[in-house]
Amino acid sequence: CHQLDEGFDLNGKLLVNTYMEWKESEYGKNGIACQSCHMPGRRHLFRGIHDPEMVKSGVTFGVERAVAGARISAKLKITNSGVGHYFPTYATPLVVIRGFLIDAKGNVLRGTLKEAKVGRQVALDLSKEIFDTRIPPLKSYEFNYAVKRTVKAEILVFEVRVFPDDFYNRFFESAVKSHDPAMKKAELKEALRNTSASSYLLFKKEIPINQENGVGKLQRTQKE
């Protein structure tokens, strides 16, 4: 399961390599089986990336205090603390991190939105690997946020959203836009609606801004 040794590879890496990721990790070396997390109590659930609670149980978020001065800055650290393989493990899902400033009315201030992506994104025709920023077991990804100070800024917001079906969503979107008369557009549009609706907010942190000293001191590590 979840291992295609004879399958297609890109950039020297298999598209599906979950079993080996587990086997070479501390989980595999210590005999912590896949079923320990995916089938608790021997229930045939096998929850994964589509289940927010399952994903929350496998990652830890840490926010570090910002640096005062002419810029507003902070760091969000995502640690793969409980996933027995890469997070996410293959090319279908995508995790998007966003940082932005809002004013007293909750409006996002122009020019303050910063974004990063965690995952392995490949071309729709599987011709190339666009990027691979997945997080190995017990490793971390750091999102550094910094923008010029603005007097209207009241809160710094960090959000992490999961798109479990990102590859399929991009594929269906491209197919809907194509001019191929053989394409069944109604079915494709329904598939696109389904994949578009599967995303969910995994993490959100609002950090009040002290206009004199920048963002205040924050708890260094927290799990939400």
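Shown above is the structure to which this text applies.
Below is a summary of the structure that appears in this document.

Brief notes about the nonpolar core
Of all hydrophobic cores here, the largest spans 32 residues; its most connected members are Leu76, Leu101, Phe158 and Val160. Listed by contribution, the elements that provide at least two residues to this core are β3 (60-64), β4 (71-79), β5 (94-102), β6 (114-122), β8 (140-148), β9 (155-163) and β10 (200-210). Each residue touching Val160, except ones within four places of it in the same chain, is listed here: Phe61, Leu76, Ile78, Val95, Val96, Ile97, Tyr200, Leu201, Leu202 and Phe203.

Here we look at the sheet that holds β8
Reading across from one edge, β3-β4-β8 is the order of the three strands in this open sheet, with antiparallel pairing throughout. Strand pairing shows two members of the sheet lacking a second neighbour, β3 and β8, which therefore form its edges. The average angle at which neighbouring strand axes cross in this sheet is 15°, direction not considered. Across nine bridges, the pairing between β4 and β8 is antiparallel.

Focus on the pairing of β3
Burial of β3 is extensive: four of the five residues sit out of reach of the surface. Where β3 and β4 come together, five bridges link them in antiparallel fashion. Note on β4: the bridge partner recorded for Thr60 is Thr79.

With respect to helix α5 (residues 166-177)
With 12 residues, α5 extends 17 Å from end C-alpha to end C-alpha; this agrees with the ideal 16 Å at 1.5 Å per step. Asp166, Phe167, Asn169, Arg170, Phe172, Ala175 and Val176 are the residues of α5 that are buried. For α5, the secondary structure elements touched by its buried residues are β5, β6, β9 and α6 (185-196).

Focus on unusual backbone geometry
Glycine aside, negative phi is the norm for most residues, and most peptide bonds take the trans geometry. With an omega of -15°, the peptide bond running from Phe87 to Pro88 counts as cis. In this structure, Arg42 takes a positive phi of about 65° despite not being glycine. On the secondary structure map, Arg42 appears in the loop between α3 (35-38) and α4 (52-56). At Phe46, a residue that is not glycine, the phi angle is positive and equals roughly 40°. By the secondary structure assignment, Phe46 is in the loop between α3 and α4. Among the residues examined, Phe46 registers a relative accessible area of 42% and is labelled partly exposed.

Describing the pattern of salt bridges
Enumeration according to the criterion identifies 14 salt bridges in this entry. A salt bridge links Arg134 to Glu21; the nearest nitrogen and oxygen atoms lie 3.3 Å apart. Taken together, the residues Arg134 in the loop between β7 (129-132) and β8 and Glu21 in helix α1 (residues 18-23) connect sequence positions 113 residues apart. The salt bridge involving Lys204 is made with Glu159; its shortest N-O contact spans 3.7 Å. In this pair, Lys204 sits in strand β10 while Glu159 sits in strand β9, placing the two residues 45 residues apart along the sequence. On the accessibility criterion, Lys204 (37% relative accessible area) is partly exposed. Through salt bridges with shared partners, one network takes in Lys13, Glu21, Arg120, Glu129, Asp132 and Arg134.

Focus on the packing of α5 against α6
The geometry of α5 relative to α6 is characterised by a closest axis approach of 9 Å and an angle of 150° between their N-to-C directions. The angle between α5 and α6 falls in the class roughly antiparallel. Along this stretch, α5 crosses α6, giving a crossing that reads as left-handed. Contacts between α5 and α6 involve Tyr168, Asn169, Phe172, Glu173, Ala175 and Val176 from the former and Lys185, Leu188, Lys189, Ala191, Leu192, Thr195 and Ser196 from the latter.

Thoughts on the pairing of β5
A regular strand places its side chains so that they alternate between the two faces of the sheet. Of all nine residues in β5, eight are buried; the element is thus mostly enclosed. Of the strand pairs in this sheet, β5 and β6 are connected by six bridges, and their pairing is antiparallel. If you follow Gly99 over to β6, its bridge partner there is Lys114. The sheet contact formed by β5 and β9 spans nine bridges and is antiparallel. Bridging across to β9, Phe100 finds its partner in Val157.

Thresholds applied
Residues numbered from 1 in each chain as written. Predicted model: local features only at pLDDT ≥ 70, side-chain atom pairs only at ≥ 80, totals over all residues. Heavy atoms only, no water. Core = buried A, V, L, I, M, F, W, Y, C linked by side-chain atoms within 4.5 Å. Buried < 20%, exposed > 50% of the residue type's maximum accessible area, 1.4 Å probe, protein only. Helix = DSSP H or I, 4+ residues; strand = E, 2+ residues; numbered from the N terminus. Contact = heavy atoms within 4.5 Å. Pairing = 2+ DSSP bridges. Axes fitted to C-alpha atoms, helices over the stretch in contact; angles between N-to-C directions. Expected span 1.5 Å × (residues − 1). Salt bridge = Lys/Arg side-chain N within 4 Å of Asp/Glu carboxyl O. Parallel < 35°, antiparallel > 145°, perpendicular 65-115°, else oblique. Left-handed = near helix turned anticlockwise from the far one by under 90°.

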